[in-house]
Structures are given as structure tokens and as C-alpha cells.
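# Topology and contacts: notes
These are the residues of each chain, in order.
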Amino acid sequence: MERAMQRLLTILLKEQIPYSWLLFVLWAAVISVWAVASISGNSAAFAATAILSILFIGLLV
Amino acid sequence: MDLPPSSFGFSWKHGILGMVVIIGGVMFLIFLAGVAIYPLLLLIGILFILAFRIIWHARDRLNVRVVIIGISAGTVAGLASWAGPGFNSYTIFYLATIPFLFVAGALLLDQSALSHIRIIEGEWRASLYGFAVGIVLSVPAALLNTLMGAGQIDVWVDAWWKPFVAISPAITEEIWARLFLTTFLYLLLRTAEPERPKQALGAAIIIAAIIHSLTHLPTAALLGPAGLSYLVVAFLYGVPMALLFVKRDLEHVVGYHFFIDFLRFISAFGL
């Protein structure tokens, strides 16, 4: 688990994933989690949507 | 972005920080004087006087296309806001200033090379593309805004087409807050320290975003906890929009702003 996290951090920090792709993945994640939240009415999913949205805005900046 | 040190016809020897303090003081006085009326109107009145002076001084650089687009932007915003809440004489004054702020903003933008207005450059496709991309990029911010319950106050949205009123604040606010105010503050701060453009840009973006955010509140509410929460809103919404304006163009940021309000009004209709 720790090794996987380190690998992910390396990929992110060394910009092996293009910025636009990262932005797209996060954008898609926001919409997916929001769709799940809207259908299920799960409050945790709504909170996750808000957190992902803030992350997306942060990445956009 | 090499600008003459005295872009506004004066020299300043107290650096960017000194200029920021002065701007902050002036803004504080404007908001304080706005106790009797909505602070936005007083601010827009002052920005209108500034815009008029800029246009007058640069009248030899004016071109018909910019003026027509400015008037068109004000007209579209006016027609859209007709169906919105509280259309009155204040709204008419506010909308009447938009063409002036647009033209002055375009002149300042031309001088600073801070961003682009694709429609002025005759790039119609790029203009529509920018608007569409702005909408796509705004989806997370729009969802966040709706999740925070922003639509609960919009009880006036009682027909399916009324969310389209969102084009009005998108045009007007992006013209005065981003195109005019951010560019004006940037040029002013560059006058203070021409060799530090990044700091000038950062300060201009943050100040304009805070001012834009605080004008959504009556002055009395500014002194309470709501004032602080609106500072957070400035950083969540205003700063990304300003950066989008600087990195892309005005059309991107109008699209971004439009969809945030559009989704908010749709959620209000669904309540």
C-alpha cells in the first residue's frame, strides 16, 4: 500500500500524467460521485462531491 | 508585458505593498459610504467615472467594433435581467455602465496585454469555443455552489426558462470585475513596481476577487460573519475565474460564471 502511494506521488509530482488528463479525470470523478449522491441521497457522497470539487478548483488554479 | 513606468501619468515610490494599502483604504471607504445604498452601486458609479476618463484619454484608439460589442453586451445583459429579480432604476443605471466599462476594459487590456477578448479580435469560433469550455470547466464549482444551498434564496425562478437569466450576471460581473477592475488594478500596481509583474498580477487578482465577492452583500452584513464567509467565496470562485481570464480569455470566464449561476437557478426551480 505504502509502495503504491509512493508510486502515485512520484507519477503526480514528476508530472508523468499530463495536467489536462489529471484535470479531466478529476472533472469526471466529480460528476460521477455527484450522480451517485443524487441517486442514492447519501450524505457522504455529497460531501465527497464537495471535496472533489474543491480539489478540482485547486488544480485549475 | 513591458509597460512604461508611468502608465497612469504619475510615479509611485512606495512599492506594491504601499499601493495595496491605499487601494484597500479606498475600498474600505467606498464600502463604508455604501451604508445607505448597496455598495455595488457606489462602486460601479466610481468605476464608471474611471472608465469614462480612460475612454476620453484614449479616444483616438477607439474602434467601432469594440463600441458595438460593448453596447451589445450591455443590451444582452439588460434583456436577460428584465426577467430577473428586482429590475428597477438601480438595475438600469448598473446596466447602462456596462458598455463603458467594456470599452475602457478593452483599452486597458490592449495596453497591458493581460488577456484576450476573442470576439473583438474577430475570432467568433474561438469566442464560442471559449464560452463552451468555460461551461465545462465550471461544472465542479457549479455543483459545489448548489450543494452549499446557493439556490435557496432564488424564489423568483418560477419558470423553466428563467435560469437563462444567468447570462446577465455572467456578462456584467465579468466585465466590471475581471475585464475592467482586474486589468485596471494590474496596470496601477505595475506603475508602482514595473519590474515585479507577477506580484502586481497576484495582488490585482486577489483584490478584485475580494471586492467582487463583497459587493454581493449589503454593507451591514459585511461587518458580521457573512463578510468572512464571502472572503472564502472570493478564493473559491473569484480567484479561479480571474486566473481563467488571465490564462485564457474573457469568453472562458463568462462561460464559467454563467454555468455556476445557471445551475444554481435550475436547482432553485427544482426546489
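Peptide bonds are mostly trans, and most non-glycine residues show a negative phi. A positive phi angle, close to 55°, is found at Ala113(B), a residue other than glycine. Within the secondary structure, Ala113(B) is located in the loop between helix H4 (89-112) and helix H5 (124-147).

Here the focus is the interface of chain B and chain A. Listed as interface residues are eleven residues of chain B and, on the opposing side, 14 residues of chain A. Broken down by secondary-structure element, the contributors of at least two residues to the side of chain B that touches chain A are H5 and helix H9 (225-247) of chain B. Here the side of chain B that touches chain A gets seven residues from one element, more than from any other, and that element is H5(B). Its residues assigned to classes, the side of chain B that touches chain A shows eleven nonpolar, no polar and no charged.

Once that is clear, we can look at the confidence of the model for chain B. Residue and element names in this part refer to chain B. Considering every residue of chain B, the mean pLDDT works out to 87; 91% of them sit at 70 or more. When pLDDT is averaged over each helix and strand of chain B, the minimum, 66, is found for helix H8 (residues 219-222) and the maximum, 95, for H5. Across the whole predicted complex the pTM is 0.89, and at the interface the ipTM reaches 0.78.

Bringing the packing of helix H6 (residues 167-192) of chain B against helix H7 (residues 197-214) of chain B into the picture now. Residue and element names in this part refer to chain B. Contact geometry of H6 with H7 gives a least axis separation of 8 Å together with a crossing angle of 145°. Relative to H7, the crossing made by H6 is right-handed. Along its contact with H6, which presents Glu173, Ala177, Leu181, Thr182, Leu185, Tyr186, Leu189 and Arg190, the element H7 presents Pro197, Ala200, Leu201, Ala203, Ala204, Ile205, Ile207, Ala208, Ile211 and His212.

About the thresholds
- Residues numbered from 1 in each chain as written.
- Chains lettered and ligands numbered in written order.
- Predicted model: local features only at pLDDT ≥ 70, side-chain atom pairs only at ≥ 80, totals over all residues.
- Helix = DSSP H or I, 4+ residues; strand = E, 2+ residues; numbered from the N terminus.
- Contact = placed C-beta atoms within 7 Å.
- Nonpolar A, V, L, I, M, F, W, Y, C, P; charged D, E, K, R; others polar.
- pLDDT = per-residue confidence, 0-100.
- Axes fitted to C-alpha atoms, helices over the stretch in contact; angles between N-to-C directions.
- Left-handed = near helix turned anticlockwise from the far one by under 90°.

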